[in-house]
Amino acid sequence: MAAGASSSSLTSPLTEEEITLTVKWSGKEYTVRLCGDDSVGELKRRICQLTTVLPKRQKLLYPKIGSKLADDSTLISTLPLKSSLKMTMIGTVEDDIIVDEIDAPDIVDDFEIGQEEAVDIKDKDVNKQKLRRRVDQYKIELKNPCRKGKKLLVLDIDYTLFDHRSTAENPLQLMRPYLHQFLTAAYAEYDIIIWSATSMKWVELKMEQLGVLSNPNYKITALLDHLAMITVQSDSRGIFDCKPLGLIWARFPEFYSSKNTIMFDDLRRNFVMNPQNGLTIRPFRKAHANRDSDRELVKLTQYLLAIAELDDISILDHNKWESYDESNFKRRRQT
Ligand code: MG
């Protein structure tokens, strides 16, 4: 550390420069490091890593700039932060996280990002930088080794594998039908990673309750949570979080790439950094009414296995997965 650094007041404009902040919470102090072009949303994510208080539960206090801290899209470089002042966070760790998930306000409905804008978001330098930083920060713990020669299936949880809004005495009643059959069949050709926009505590609990982590017929390679996501900005839709698969590709380049990865999620915007690798699954809601009729995972099993023989599955249009015809596809490729 340079001797003069402690006396310098950290004022804008700062972008690439690192900023060190002291955040007080619950009688303790935490050190958070940020870049000027990080947003308040990112700051909350870092604080969550240290305190486990979810970003949506955090209220940040700082002399004179309280209102700007309420907006997740505010860039840190625009705030007059001083190294001599401390930030205070008020927020509670989730104790009963299941109740919380049900009580939480309804998620924002999915929205379409136009094709052109999506390309724009993915190619923006600022987003590539965010991804690089996430690659440096986020540690993926392997539950089981990656397997050579397998493709990669990345799965969302809420509304994809599980109806998290309905209530039931037993979580198994809210599990999407055919989940274990689906995972068993997919495992023959794909390594499986679960990626949910909630906390790791909840991801693990949910997967355990559904028996996904203990099923003898398949193995889960890794679990990822909301801290692995990045926040991007779109002109038409403002800021939102997404799941950049580049994080996984950067970590395991000898196994996974854009060519052999497919992600299922009920929210299309989660694919915005890798639109060619996303398949928008029909949401599984109202489990009690739909449990007997939902066959989405059966149909998707057929698709997954049919495309598994292709060297590059990113050339497909996964929006049209239901009309995918293997023989047609092969014929077209030959001509
Ligand atoms: Mg979901």
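Now for a look at the structure at hand. (Residues numbered from 1 in each chain as written. Predicted model: local features only at pLDDT ≥ 70, side-chain atom pairs only at ≥ 80, totals over all residues. Heavy atoms only, no water.)

1. What about the pairing of strand β8 (residues 230–234)?
Right, so step 1: With 4 of its 5 residues buried, β8 lies for the most part within the structure.
Right, so step 2: Pairing of β8 with strand β9 (residues 238–242), which is carried by 5 bridges, proceeds in the antiparallel orientation. Considered in β9, the bridge of Gln233 is made with Ile239.
Right, so step 3: Hairpin remark: β8 followed by β9, antiparallel, with 3 residues in the connecting loop. (Buried < 20%, exposed > 50% of the residue type's maximum accessible area, 1.4 Å probe, protein only. Helix = DSSP H or I, 4+ residues; strand = E, 2+ residues; numbered from the N terminus. Pairing = 2+ DSSP bridges.)

2. Digging into helix α4 (residues 125–137)
Right, so step 1: When the terminal C-alpha atoms of α4 are compared, their 18 Å separation across 13 residues agrees well with the 18 Å that a helix rising 1.5 Å per residue should span.
Right, so step 2: As for α4, its buried residues are in contact with β2 (28–35), α1 (40–51), α3 (115–123), β8 and α7 (246–251). (Expected span 1.5 Å × (residues − 1). Contact = heavy atoms within 4.5 Å.)

3. Topic: the packing of aromatic side chains
Right, so step 1: With the rule as written, the count across this model stands at 7 aromatic pairs.
Right, so step 2: With 6.4 Å between their ring centres and 45 degrees between their planes, Trp25 and Tyr30 make a pair best called tilted. With respect to class, Trp25 is no different from Tyr30; both count as buried.
Right, so step 3: Geometrically, the ring pair formed by Phe162 and Trp202 is edge-to-face, given 6.4 Å between the ring centres and 65 degrees between the ring planes. Taken together, the residues Phe162 in the loop between β5 (151–155) and α5 (179–187) and Trp202 in helix α6 (residues 200–209) connect sequence positions 40 residues apart.
Right, so step 4: An aromatic cluster of three or more residues is present, and its members are Phe252, Phe255 and Tyr256.
Right, so step 5: For the cation-ring pair, Lys148 lies above Phe255, with the distance from its terminal atom to the ring centre recorded as 4.5 Å.
Right, so step 6: The residue whose ring lies beneath Arg285 is Tyr159, and the NZ or CZ to ring-centre distance is 4.4 Å. (Phe/Tyr/Trp six-rings, centres within 6.5 Å; stacked < 30°, edge-to-face > 60°. Lys NZ or Arg CZ within 6 Å of the ring centre and 35° of its normal.)

4. Concerning the sheet that holds strand β11 (residues 278–280)
Right, so step 1: Overall, parallel pairing links the 5 strands, which are arranged β7-β6-β5-β10-β11 in an open sheet. Strands with a single pairing partner mark the edges of an open sheet, and in this sheet they are β7 (222–224) and β11. Each adjacent strand pair in this sheet contributes to an overall mean axis angle of 25 degrees, direction not counted.
Right, so step 2: Where β5 lies against strand β6 (residues 190–195), 5 bridges are found, and the strand directions are parallel. When the bridges of β6 are listed, Leu155 appears paired with Ile194.
Right, so step 3: Sitting on the sheet, α6 touches β6 and β7, and the angle it makes with β7 is about 135 degrees. (Axes fitted to C-alpha atoms, helices over the stretch in contact; angles between N-to-C directions.)

5. Some thoughts on the coordination of the magnesium ion
Right, so step 1: Here the magnesium ion is held by Asp156 (OD), Asp158 (O) and Asp266 (OD), and the distances to it run 2.1 to 2.2 Å.
Right, so step 2: Along the chain, the residues that donate to the magnesium ion are spaced as D-x1-D-x107-D. Each member of the pair, Asp156 together with Asp158, is buried. (Donors = N, O, S within 2.8 Å, 3.2 Å for Na, K, Ca; no water.)

6. What to know about the packing of α1 against α4
Right, so step 1: Relative to each other, α1 and α4 sit at 5 degrees, their axes nearing to 14 Å. Judged by the angle between their axes, α1 and α4 are roughly parallel. Contacts between α1 and α4 involve Glu42, Arg45 and Arg46 on the former and, on the latter, Arg133, Arg134 and Gln137. (Parallel < 35°, antiparallel > 145°, perpendicular 65-115°, else oblique.)

7. Notes on the nonpolar core
Right, so step 1: Counting residues in hydrophobic clusters, the biggest one holds 41 residues, and the most contacted among them are Phe182, Ile194, Ile262 and Phe264.
Right, so step 2: For this core, the secondary structure elements donating two or more residues are β5, α5, β6, α6, β10 (261–265) and α9 (296–307).
Right, so step 3: Leaving out residues up to four positions away in the same chain, Phe264 has contacts with Leu153, Val154, Leu155, Asp156, Thr160, Phe182, Phe271, Leu279, Ile281, Leu300 and Leu304.
Right, so step 4: Among the nonpolar cores identified, the runner-up in size contains 24 residues, and Tyr138, Ile193, Leu224 and Phe252 belong to it. (Core = buried A, V, L, I, M, F, W, Y, C linked by side-chain atoms within 4.5 Å.)

8. Some remarks on the pattern of salt bridges
Right, so step 1: Using the criterion set out here, one finds 18 salt bridges in the structure.
Right, so step 2: Glu42 serves as the salt-bridge partner of Arg46, at 3.1 Å between the closest nitrogen and oxygen. Residue Arg46 and its partner Glu42 are both found in helix α1; the two are separated by 4 residues, about one turn of the helix. For the pair Arg46 and Glu42, a shared accessibility class is recorded, and that class is buried.
Right, so step 3: Here Glu42 and Arg134 are joined by a salt bridge, their closest N and O atoms 2.8 Å apart. Of the two residues, Glu42 is situated in helix α1 and Arg134 in helix α4; the sequence distance between them amounts to 92 residues.
Right, so step 4: Three or more residues joined by partner-sharing salt bridges are found here, namely Asp38, Glu42, Arg45, Arg46, Arg133, Arg134 and Asp241. (Salt bridge = Lys/Arg side-chain N within 4 Å of Asp/Glu carboxyl O.)

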